[in-house]
Amino acid sequence: MSVVNVTAGPAGSPVLAPSIWFVGCGNMAGAMVEGWRSAGVDFSQSVAIRPSGTPVPGLRTVQTLGEAGRPPELLLLGFKPQMLRELAPGLANWVTSRTAVVSILAGVEVATLRELFPRAQAVVRVMPNVACAIRRGVTGLYSADADEALRTRLRQLFMILGLTVECTNEAELATIGSVAGAGPAYVARFIEALARAGEARGLDPQLSLTIARETVFGTGWLAATTGAEMDEIVRRVRSPNGTTAAGLAVLEPELPALVGRTIDAAARRGAELAAAARAIDSPEGAA
Ligand SMILES: NC(=O)C1=CN([C@@H]2O[C@H](COP(=O)(O)OP(=O)(O)OC[C@H]3O[C@@H](n4cnc5c(N)ncnc54)[C@H](O)[C@@H]3O)[C@@H](O)[C@H]2O)C=CC1
Ligand SMILES: O=C(O)[C@@H]1CCC=N1
């Protein structure tokens, strides 16, 4: 596993995106588009394919594959994993040996994608998170068959969206999905819990939420910008026999095991999604 970059750099000169078909452009693919657009990425060669026809800002949007034009360089699969078996045959007709299939689908393995898109130049799995929208995302990349030119192109594109990690195997990618892909939801719940506790002790609800959010944001920023170890941050805050020590005496025995079980559950679900996509005759796979 290798880190391509630590944070998103300045936008620099505008990058011309390869021709990309965004098939499914909801919360996650939409966040990627938003991040790229905010960095000035030129999507003039790309298209969003949406049965609803609702325009994706900054992208030519069409309702059917037939309207999309020439087969793309990157076919970005941005729908739910359960849709894969239904949509793949139609999509595969448009995949040539010059098209790389880029999947953000949680769980679904490269072997399954390769079976469904036999003509593809390469199959690439990407595991981003929604903070890509503001270019502070975390994205894992994995491919067994992408050549160096494609890897470089993808690195260049995803670096724009934040921390980018090239995985050496799919297990690493799955773990990034469980920790970072799902992570914003866990962190949002933590912020909410902190806010509720403030509220329970008399703070105005909106103010308490702002305080909790800024506390998490500020701590993340402090850690990221100074490189301080977590123990060091705790040491700076925890006075001997003070308030933090009292709070941590409750939190520390419970939190690692709780977070561990949380990530284990997400990982198990990822494995189930992978199995469902693999098995045509399973209830989910046949969807
Ligand atoms: N939401 C997240 O934070 C993350 C999601 N993912 C993956 O991203 C994928 C999408 O998830 P979300 O964006 O959360 O879901 P979403 O429901 O927001 O977006 C999926 C989109 O696919 C569209 N769609 C459905 N059928 C279609 C069709 N036939 N043709 C074209 N578009 C179609 C839907 O209208 C919707 O806009 C999933 O596979 C998920 O595993 C991966 C990492 C993080
Ligand atoms: O919940 C999910 O399955 C997707 C993948 C990671 C975040 N959202």
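Shown above is the structure to which this text applies.
Residues numbered from 1 in each chain as written. Chains lettered and ligands numbered in written order. Predicted model: local features only at pLDDT ≥ 70, side-chain atom pairs only at ≥ 80, totals over all residues. Heavy atoms only, no water.

**Q** Help me understand the overall build of the chain in this model?
**A** When you go through the chain residue by residue, the secondary structure sums to nine helices and nine strands. The C-alpha radius of gyration computed for the chain amounts to 21 Å, which stays within 12% of the reference 19 Å derived for 287 residues, consistent with globular compactness. With the C-alpha coordinates aligned to their principal axes, the bounding extent of the chain is approximately 65 × 45 × 35 Å. Counting all 287 residues of the chain, 40% fall into the buried class. For the chain, restricting intrachain contacts to residue pairs at least 6 apart in sequence, the fraction spanning at least 24 positions comes to 63%. Of the accessible surface of the chain, which amounts to about 15200 Å², a share of 60% is contributed by carbon and sulfur atoms. Charge-centre separation for the chain: the mean point of 26 positive side chains lies 4 Å from the mean point of 26 negative side chains. (Helix = DSSP H or I, 4+ residues; strand = E, 2+ residues; numbered from the N terminus. Rg over C-alpha atoms; globule rule 2.2 N^0.38 Å. Buried < 20%, exposed > 50% of the residue type's maximum accessible area, 1.4 Å probe, protein only. Contact = heavy atoms within 4.5 Å. Areas by Shrake-Rupley, 256 points an atom, 1.4 Å probe, with all protein chains shown as cover. Lys, Arg positive; Asp, Glu negative; His and termini not counted. Charge placed at Lys NZ, Arg CZ, Asp CG, Glu CD.)

**Q** Would you explain the pattern of salt bridges in this entry?
**A** Two side chains with opposite charge may pair up if their charged atoms get near one another. Evaluated as defined, the whole model comprises 12 salt bridges. Residue Glu109 pairs with Arg278 through a salt bridge whose shortest N-O separation is 2.7 Å. Here the residue Glu109 occupies a position in the loop between β6 (100-103) and α3 (110-116), and Arg278 occupies one in helix α9 (residues 243-278), the gap between them amounting to 169 residues. Note that Glu232 is salt-bridged to Arg235, the shortest N-O span being 2.9 Å. One end of the pair, Glu232, and the other, Arg235, are both in helix α8 (residues 230-237), three residues apart, so they sit about a helical turn from each other. Owing to a relative accessible area of 24%, Glu232 belongs among the partly exposed residues under this scheme. (Salt bridge = Lys/Arg side-chain N within 4 Å of Asp/Glu carboxyl O.)

**Q** In this structure, what is going on with the site of ligand 2? I would like to understand it.
**A** Every residue lining ligand 2 is accounted for by Ala106, Gly181 and Ala182. In the complex, 43% of the free accessible area of ligand 2, which totals 240 Å², lies under the protein chains. More than half of the atoms belonging to ligand 2 lie within 2 Å of the grid points that define the second largest pocket. (Near = heavy atom within 4 Å. 1 Å grid on protein atoms, 1.4 Å probe; cavity = no way out; pocket = protein on both sides within 12 Å on 5 of 7 lines; lining within 4 Å. Sits in = over half its atoms within 2 Å of the grid points.)

**Q** Can you help me understand a nonpolar patch on the surface in this one?
**A** On the surface, Leu251, Leu255, Leu258 and Val259 cluster together into a nonpolar patch covering about 300 Å² of accessible area. Structurally, Leu251 is set in helix α9. (Patch = residues over 30% accessible without salt bridge, like charges linked within 9 Å, V, L, I, M, F, W, Y side chains within 5 Å.)

**Q** I'm lost on the site of ligand 1 in this one. Help?
**A** Around ligand 1, the surrounding shell holds 19 residues, and the nearest of these are Asn27, Met28, Phe79, Ile104 and Ala106. Here a nitrogen atom of ligand 1 and a backbone polar atom of Gly24 are 3.3 Å apart. Within the backbone of Phe79, an N or O atom sits 2.6 Å from an oxygen atom of ligand 1. The cavity where ligand 1 resides is the second largest pocket. Residue composition of the shell around ligand 1, grouped by class: 14 nonpolar, four polar and one charged. (Polar contact = N/O pair within 3.5 Å; in protein donor to acceptor, adjacent residues only side chain to side chain. Nonpolar A, V, L, I, M, F, W, Y, C, P; charged D, E, K, R; others polar.)

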